[in-house]
Amino acid sequence: MSTPSQAKTGSAFASPELIGRALRDAVLKLNPAILMRNPVIFVTEIVAALVTVIFVRDLIAGNPLAFTGQIMAWLWFTVLFANFAEAIAEGRGRAQADSLRKARTDAVAKRLRDPAVHEGAEAVSALDLKVGDHVLVEAGDLIPGDGEIVAGIASVNEAAITGESAPVIRESGGDRSAVTGGTTVISDWIVVRITAAPGSSFLDRMIALVEGAERQKTPNELALSILLVGMTLIFLIAVVSLAGLGRYAAADVPVPVLVALLVTLIPTTIGGLLSAIGIAGMDRLIRHNVLAMSGRAVEAAGDVDTLLLDKTGTITFGNRMATEIIPVPGVSERDAARIAVEASLADETAEGRSILALAREKFGITADADGLAGASFVPFTAATRLSGVDVGSRRIRKGAVDAVKRFVQSVDPRATTGIAAFDAAVEKIARSGGTPLGLAEDGRLLGVIHLKDVVKPDIKERFAELRRMGIRTVMVTGDNPVTAAAIASEAGVDDFIAEATPQDKLAYIRTEQRHGRLVAMCGDGTNDAPALAQADVGVAMQSGTQAAREAGNMVDLDSDPTKLIEIVGIGKQLLMTRGALTTFSIANDVAKYFAIIPALFIAAIPELGLLNVMGLHSPQSAILSAVIFNALIIIALIPLALRGVAYRAQPAAQVLGRNLALYGGGGVILPFIGIKLIDLAVSALGLA
Amino acid sequence: MTVLGWLQIAIILALVVVAALPLGGYMARLYAGERTFLTPVLGPLERGLYRMAGVDPAREQGALAYTLAMLAFNAAGFALLYAILRLQGVLPLNPLGFSALSPDLAFNTAVSFVTNTNWQSYAGETTMSLFSQMAGLTVQNFLSAATGLALAVALVRAFARSNAPGVGNFFVDMTRSVLYVLLPLAIVTGLAQVWMGVPQTLDATVTATTVEGARQTLAMGPVASQIAIKQLGTNGGGFFNVNAAHPFENPNPLSNALEIWQMLVVSAALVFAFGRLVGDRRQARALVAVVAIILVAGVAVTYWAEAAGTPSLIAAGIDPAGGNMEGKEVRFGLAASALFAAVTTGLSDGAVNAMHGSFTPIGGLVPMFLIQLGEILPGGVGSGLYGLLVMAVIAVFVAGLMVGRTPEYLGKKIEAKEVKMAILAILILPTAILGFSAVAAVLPDALAGLGNAGPHGLSEILYAYSSAAGNNGSAFGGLSANSPWWNTTLGLAMLLGRFAYIVPMMAIAGSLAAKTRLAASSGTFPTHGLLFVGLLVGVILILGGLQFFPALALGPIAEQVQMLAGKTF
């Protein structure tokens, strides 16, 4: 599936105009009232302002300025870089919102006084529609608002929302009755009852979401912010107390240096990137054409323990296919296949096509309609449960096993040939989870066609992958338990619910939750709504009913139930990225201490030079290098924050080991190297 | 360092583990409300006490009620002890006729014993009547330890339970801790100490004839009964001024080994009990491993630093093989002194068998740093475990996100509320230690109490506030702390370190108890393996290091590098 928004994924992380806008926004975000939302960077801004005051004082007093000036500049850069990170993440969402906004219309709607009477529609602006109004939408019209079809059937182009240009069928009643404002009817007509007021439609919410206008801190983000505030306070205490302790040791530390120490110690790296990570996570979801109604849902996706997956469409291709023809003794497989092809020539169902395909692939039999001149086709009816063809005196039938047997007996009441083998084959197919389809000609049973739910080729590996991550998969199907068990074992799911009713789903979810497991599911029907609402992550299909879409906390615009697996991955990646950068940020402090502490006290206690393990050029260059490193690392990590850390389906222990080594170990080592290199540059340039 | 020295350390630690395992099982049964082998004997007594106090043992308390009960109980304990100390002059069992304590000293001492700190601004043998020692201090040695046990058990229950409104009943947990754990252990080991030569008498003095023939009056009293619980309850307040370096408190290497064992055994057993109570003993093993790694590293550094001696000692012609014996008892030697120092500070006990102030700077840095890490190795009785669990919560939160799930510990999600409370709790130590130290370092009134100048003086200040806020109680020597400034601020630091920590900790307990306990899967952050052990060690060291490194750089680290450069103070 190719959609405009997915196509963007491959492009570079930001275009020049995006960067230009982000740079402007970074400056605008210096406004303390806005910056207050980010406490770590807010503290940085305050102390940057403090150093600026000192700089101005020195300027007036005629004191040396170079060092204080450089510290001041880099403190402001730190704040700007953090703002830039957030701005660029927001900018990418905004670009998407702009393209969505084009679809929002103030088109003219044809309002009906009586939904049953199509004449005399009154033309009103879409913006004046109220919930409960009925509108007529005909071919070529834009659907003026979100609603439910009450009459008619139409093909609708939903490209504006989903990016998918192939039209979809929408009709009243059933599970495909919801329409979205901004999409276009391309054939026929429908009468729509408006269910969302202008301004709060699906499209409006989508725009708000991708723009981040409604962005609130998610629970985990909030918890992490609290941790960062706590760390900031701890370092504030450690640094402020140095004023007293330093005086005791006759090592009075100038304020800009104390500020430099503070800013390098407080978690500016993660503090600066935290909101960018969150925005980028939402953005990734949108790029997969999934809309999360809240950030909370994205985080919950990472925590999911159990996935409830519909069999049809997710695990299997959705239609049964012939995989085998078992003839009764005395009939060759080839003959049976040939007759099966004749029986299916006029069968336009997917099952019928699959019989032709099987015969072609396995026996090289091609459908030859000419050989059947004068044949009359017998269509399938619910009453006979048979279909076939009459060629001359030959009467060929295929269909439900008992119906075929009854047909044979009606022709020849004494017919017993092959009945035992026929029954055995039926039994074997049923046990393997397949559907047997009887084949007969006149008074003779010929064999059984094995119709099978074909499991998607890669699905078993994906489930194994999920299992390694500790996620159980549960298949939900309307099939009988025997069939369900067979498919379940073939697909490699952990559990299944056979003959599932919506109540069964709901009960299963509740049981899982009682055992302390988080459940994700997807659904589209109105009867899925309670289960969607009960699940911790409920993904409604865009093609589903309005009720389903409101019950779920995510909507998949592609209506692809397999997407659930990707959604879990995106949730996990979001949390991993936060954890990795937090660990990295804190681990960085070790090296910064070794850069700054000796520099701080070396005048009073020269022997502390022993701690200068990096051999930094001078106290001033050491402090400056640490501050520069601290600022530049934010910029360096923006791509990682936006892209997310590498995500693999592995057990938690392995993931932890790898990330701990990479971001914890790397976080300790990298700044030693980085600060040393910056120090070399700073001293070479004669900056300090 | 010698093989024999290490062997001595290894044997003592092994004996602790051997005893802590069954004791942990016993304590787990006790706190789960099951029958123990002492129930037939103590059950009637226990029920009688509940009837007398009007406590319904079956009634559960929520975290808030539990905390309020604990605070009220401790406030009453403080008031009683303060009254005893202030009225000492008119109370009985005062053979040497000691007068009442000054208000600031009585405040400091009462706070000190109620908070399980046992910082002593006084010399026991010249200040305290036998009544004050027995009815005042020894009683609080039991109660403060039992308070710690009760609180830790409440937090453990919060992890173990699912969707629970309550965390237990404070009065029941208290009573059981005293009756079933502390009293039996104190009686048995106290008698062993008497056998080893620790006096237990109501006579205040004994007169002895010295080798030179002079007659000398030696102070004594009911020593064994107090020091058994002072060690078992990680209180650490000695009967005598020099604490466990005194021959009557700690006569020989065997009694020294017993005292180290006593300090460790209950805290270690509680960790094992925790494993059983949460239904996963691997969790306890991981915490024990964390404690063991840091503690043994601390012992090793101290032992190495002391064995290496100092350049000035060597310059003075002392045999370098002897190491730095200044401030140590010859009968214990370097290894046992290093072990005692690391254990007493890792544990918030605060008893000393050697003077930490006389250690080499690095040797002295280790005990100070162990206190600053939060007294969690394995920490004070009860307080160590809950401190360790709070650190585990922080570690899980920081790194747990890296597995791509909302962090959870023992099946409980760690969310904003828990993080907020954990942060409030761990903020207490740096605030109290660095805040008070920074003021004291520039305040003439405070500086007047210092015994040394230069970085060593700063170490004295830092150590005093670390010891107080960490509820340890040991001192760095050199500091004369019996003055209004020191008595008052150290008292405040003790109160902050104890109760300002407990309140947010219990808020975590309340919040966790109400949560559903989630099932573990292979996607869950594993908190029982080596990886978690390494992570928790790293978080404890880095977090502690980051907070205190600048201050330590000006104190012991500066002293060490200057000593190496031949500069002394």
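Now for a look at the structure at hand.

Parameters at a glance
- Residues numbered from 1 in each chain as written.
- Chains lettered and ligands numbered in written order.
- Predicted model: local features only at pLDDT ≥ 70, side-chain atom pairs only at ≥ 80, totals over all residues.
- Heavy atoms only, no water.
- Phe/Tyr/Trp six-rings, centres within 6.5 Å; stacked < 30°, edge-to-face > 60°.
- Helix = DSSP H or I, 4+ residues; strand = E, 2+ residues; numbered from the N terminus.
- Buried < 20%, exposed > 50% of the residue type's maximum accessible area, 1.4 Å probe, protein only.
- Patch = residues over 30% accessible without salt bridge, like charges linked within 9 Å, V, L, I, M, F, W, Y side chains within 5 Å.
- Areas by Shrake-Rupley, 256 points an atom, 1.4 Å probe, with all protein chains shown as cover.
- Salt bridge = Lys/Arg side-chain N within 4 Å of Asp/Glu carboxyl O.
- Lys, Arg positive; Asp, Glu negative; His and termini not counted.
- Charge placed at Lys NZ, Arg CZ, Asp CG, Glu CD.
- Contact = heavy atoms within 4.5 Å.
- Buried area = accessible area lost by both parts, 1.4 Å probe.
- Polar contact = N/O pair within 3.5 Å; in protein donor to acceptor, adjacent residues only side chain to side chain.
- Nonpolar A, V, L, I, M, F, W, Y, C, P; charged D, E, K, R; others polar.

Focus: the packing of aromatic side chains
Aromatic rings in a pair are described by how distant their centres are and how their planes are angled relative to each other.
Argument step 1. Counted under the stated rule, the structure contains 21 aromatic pairs over all chains.
Argument step 2. Here the aromatic rings of Phe594(A) and Phe549(B) are separated by 5.7 Å at their centres, their planes lie at 45°, and the arrangement is tilted. One end of the pair, Phe594(A), is in helix H22 (residues 563-601); the other, Phe549(B), is in helix H19 (residues 530-564), on a second chain.
Argument step 3. The class for Phe594(A) is partly exposed, based on a relative accessible area of 22%.
Argument step 4. Residues Phe240(B) and Phe248(B) carry aromatic rings whose centres are separated by 6.2 Å and whose planes lie at 55° to one another, so their mutual orientation is tilted.
Argument step 5. Taken together, the aromatic side chains of Tyr593(A), Phe594(A), Phe672(A) and Phe549(B) make up a single cluster linked through ring pairs.

Quick notes on a positive patch on the surface
Residue and element names in this part refer to chain B.
Argument step 1. Positive charge collects at one region of the surface, where Arg29, Arg276, Arg281 and Arg285 lie side by side.
Argument step 2. As for its position among the elements, Arg29 is in helix H1 (residues 3-31).
Argument step 3. Note on Arg29: relative accessible area 35%, which makes it partly exposed.

A closer look at the interface of chain B and chain A
Often, the extent of an interface is quoted as the loss of accessible area upon association of its parts.
Argument step 1. At the interface, 62 residues of chain B touch 62 residues of chain A.
Argument step 2. Summing both partners gives a buried area of about 5000 Å² for chain B against chain A, and 77% of it is carried by carbon and sulfur.
Argument step 3. For chain B, the biggest contributors to the area lost against chain A are Met402(B), Leu546(B) and Leu554(B); these three give 15% of the whole.
Argument step 4. On the surface where chain B and chain A come into contact, there are two salt bridges.
Argument step 5. In this structure, Asp303(A) engages Lys413(B) in a salt bridge whose closest nitrogen and oxygen atoms are separated by 2.9 Å.
Argument step 6. Counting the contacts that link chain B with chain A gives twelve residue pairs in polar contact (both at pLDDT 80 or more).
Argument step 7. Elements with a contribution of two residues or more to the side of chain B that touches chain A: helix H14 (383-400), helix H15 (416-440), helix H17 (454-469) and H19 of chain B.
Argument step 8. Examining the composition of the side of chain B that touches chain A, we find that 16 residues originate from one element, H19(B), more than from any other.
Argument step 9. Here the side of chain B that touches chain A is built from residues that sort into 41 nonpolar, 15 polar and six charged.

As for the environment of Ser267(B)
Residues and elements named next belong to chain B.
Argument step 1. Within the secondary structure, Ser267 sits in helix H9 (residues 253-277).
Argument step 2. We classify Ser267 as buried; its relative accessible area is 2%.
Argument step 3. Each C-alpha atom, one on Ser267 and one on Leu347, is 8.1 Å from the other, the two residues being 80 residues apart in sequence.
Argument step 4. Not counting residues within four places of it along the chain, the set of residues in contact with Ser267 comprises Thr234, Leu347, Pro378, Gly379, Gly380 and Val381.

Points about the environment of Ala603(A)
Residue and element names in this part refer to chain A.
Argument step 1. When you line up the elements, Ala603 lands in the loop between H22 and helix H23 (619-643).
Argument step 2. For Ala603, a relative accessible area of 73% corresponds to the exposed category.
Argument step 3. Taking the C-alpha atoms as reference points, Ala603 and Val253, separated by 350 residues in sequence, lie 9.9 Å from one another.

Honestly, it's all geometry; don't read function into it.
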